[in-house]
Amino acid sequence: SQVPSITLNNGVAMPQLGFGVWQVPDDEAEQVVTTALEAGYRSIDTAAVYKNETGTGRAVTGSGIAREELFVTTKLWNTEQGHDSTLRAFDASLERLGLDYVDLYLIHWPMPARDTYVDTYRALEKILADGRAKAIGVSNFLPEHLERLIGETSVVPAVNQIELHPRLQQQAARTAHAAHGIATEAWSPLGQGKDLLEVPTVLAVARKHDRTPAQVVLRWHLQLGNVVIPKSVTPSRIAENFDVFGFELDADDLAAFAALDEGKRLGPHPADVE
Ligand code: NAD
């Protein structure tokens, strides 16, 4: 494949570009994910709370692509945190997906006020030891949550999937991840396709490279070393977002992007989610 892989801290290879399916209804997921697989994507990011693991799994198992060439991520929803409830929730996710393992299993939010993420993560360690996830990690963890987790458990998370785009560049988190060998995966990498794709800097860089705004934003992520999982249900955009390997941003482009950071979240602050 033309998509580079990054090597996670346990040696597992993860495609640097994947396909996200948040907000895709279950009865459309099979078609949409099939379109993505046909376009060349091999990594799919779903979650129990997206309620589309069934349709996503049908596309994966029906694709004819060898299982070992695919990388499937799903996530534990907040209400299921706790050791035993996590094991049950994971079984249910695998069942809906129609798979006997996932490549990556993540805790969706830390929910620090509930104080259950350490016990929850111990269940992920068991799932990993049983070979039912090839890698385990977290999502929306702040550096302080990572420090505590690493201090109290045995397996350093392979990935932290966080909101990250040019308006929220997450330098402190990326530095903390790098210190522990944790891969940074960017959610809402296109800023949810809102006005980010109309910002003059983004438009100028796109024009300069004869590319689209979405393509130069994805290129920026890839050159930073982030894993990206853009979402679209439109076949032309699904293909466009995959076609990001034939060009490179230069130092001027990267400096222009650096100036876009406003520390502005689209989603909630992880400390506030309960
Ligand atoms: P995104 O940044 O990928 O933007 C998707 C939206 O951008 C689309 O709905 C469409 O409106 C637009 N778009 C896509 N391609 C485009 C193109 N080429 N040109 C113009 N507009 C385009 O946003 P997202 O879906 O929020 O994030 C991607 C994935 O990240 C999700 O599907 C999900 O898998 C994951 N995610 C995870 C969390 C988490 O808490 N872990 C939260 C949000 C999203």
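Structure first, text after, so check above.
An account of the accompanying structure is given in this report. Only a predicted model underlies this, so the values are computations on that prediction, with no experimental measurement involved.

### A word on helix α6 (residues 171-180)
- Among the residues making up α6, those that are buried are Ala173, Arg174, Ala176 and His177. Down the axis of α6, the smallest arc covering the buried residues is 160 degrees, so these residues share one side. Turned more than 90 degrees away from the buried face of α6, the exposed residues are Ala172, Ala178 and Ala179.
- Along its buried surface, α6 packs onto α5 (143-152), β8 (159-163), β9 (183-187) and α8 (213-224).
- Among the residues trailing α6, Gly181 stands out with phi positive, at a value near 70 degrees.

### What to know about the pattern of salt bridges
- Taken as a whole and assessed by the stated rule, the structure comprises 13 salt bridges.
- Ionic pairing is found between Lys208 and Asp253, a salt bridge with its closest N-O pair at 2.7 Å. A residue pair is termed long-range when its members are at least 10 positions apart, and Lys208 in helix α7 (residues 200-209) and Asp253 in helix α10 (residues 251-258) qualify at 45 residues.
- Judged by its relative accessible area of 3%, Asp253 is buried.

### Things to note about the nonpolar core
- Judged by nonpolar contacts, the single largest core of 65 residues is most densely connected at Phe19, Tyr105, Val202, Val216 and Phe257.
- A per-element tally of this core places α8 first, with 6 residues.
- With residues up to four places along the chain from it excluded, the contact list for Phe19 reads Val32, Val33, Ala36, Tyr41, Ser43, Ile44, Asp45, Ile229, Pro230, Ser232 and Ile238.
- In terms of nonpolar packing, the next biggest core, distinct from the first, is built from 12 residues, Leu8, Met14, Leu104 and Leu106 among them.

### Regarding the pairing of strand β7 (residues 133-139)
- In terms of residue burial, β7 counts as a mostly covered element, since 6 of its 7 residues are buried.
- As paired elements, strand β6 (residues 102-107) and β7 share 5 bridges and run parallel to each other. Each bridged residue has a counterpart across the sheet, and for Leu106 the counterpart in β7 is Gly137.
- Strand direction decides the pairing type here: β7 and β8, joined by 2 bridges, are parallel. Across the sheet, the residue bridging to Val138 is Asn160, located in β8.
- For the crossover from β7 across α5 to β8, the handedness is right-handed.

### Quick word on the packing of aromatic side chains
- Evaluation of the coordinates by the stated rule reveals 7 aromatic pairs.
- Ring plane angle 70 degrees and centroid distance 6.4 Å describe the contact between Trp109 and Trp187, whose orientation is recorded as edge-to-face. Residue Trp109 is located in the loop between β6 and α4 (117-129), and its partner Trp187 is located in strand β9; the two are separated by 78 residues in the primary sequence.
- Ring geometry for Trp220 versus Phe257: centroids 5.8 Å apart, planes at 15 degrees, classification stacked.

What counts, and where the lines are drawn
- Residues numbered from 1 in each chain as written.
- Predicted model: local features only at pLDDT ≥ 70, side-chain atom pairs only at ≥ 80, totals over all residues.
- Heavy atoms only, no water.
- Buried < 20%, exposed > 50% of the residue type's maximum accessible area, 1.4 Å probe, protein only.
- Helix = DSSP H or I, 4+ residues; strand = E, 2+ residues; numbered from the N terminus.
- Arc of directions from axis to C-beta.
- Contact = heavy atoms within 4.5 Å.
- Salt bridge = Lys/Arg side-chain N within 4 Å of Asp/Glu carboxyl O.
- Core = buried A, V, L, I, M, F, W, Y, C linked by side-chain atoms within 4.5 Å.
- Pairing = 2+ DSSP bridges.
- Right-handed = clockwise from strand over helix to strand, strands pointing away.
- Phe/Tyr/Trp six-rings, centres within 6.5 Å; stacked < 30°, edge-to-face > 60°.

No statement about biological role is implied by the geometric values presented.
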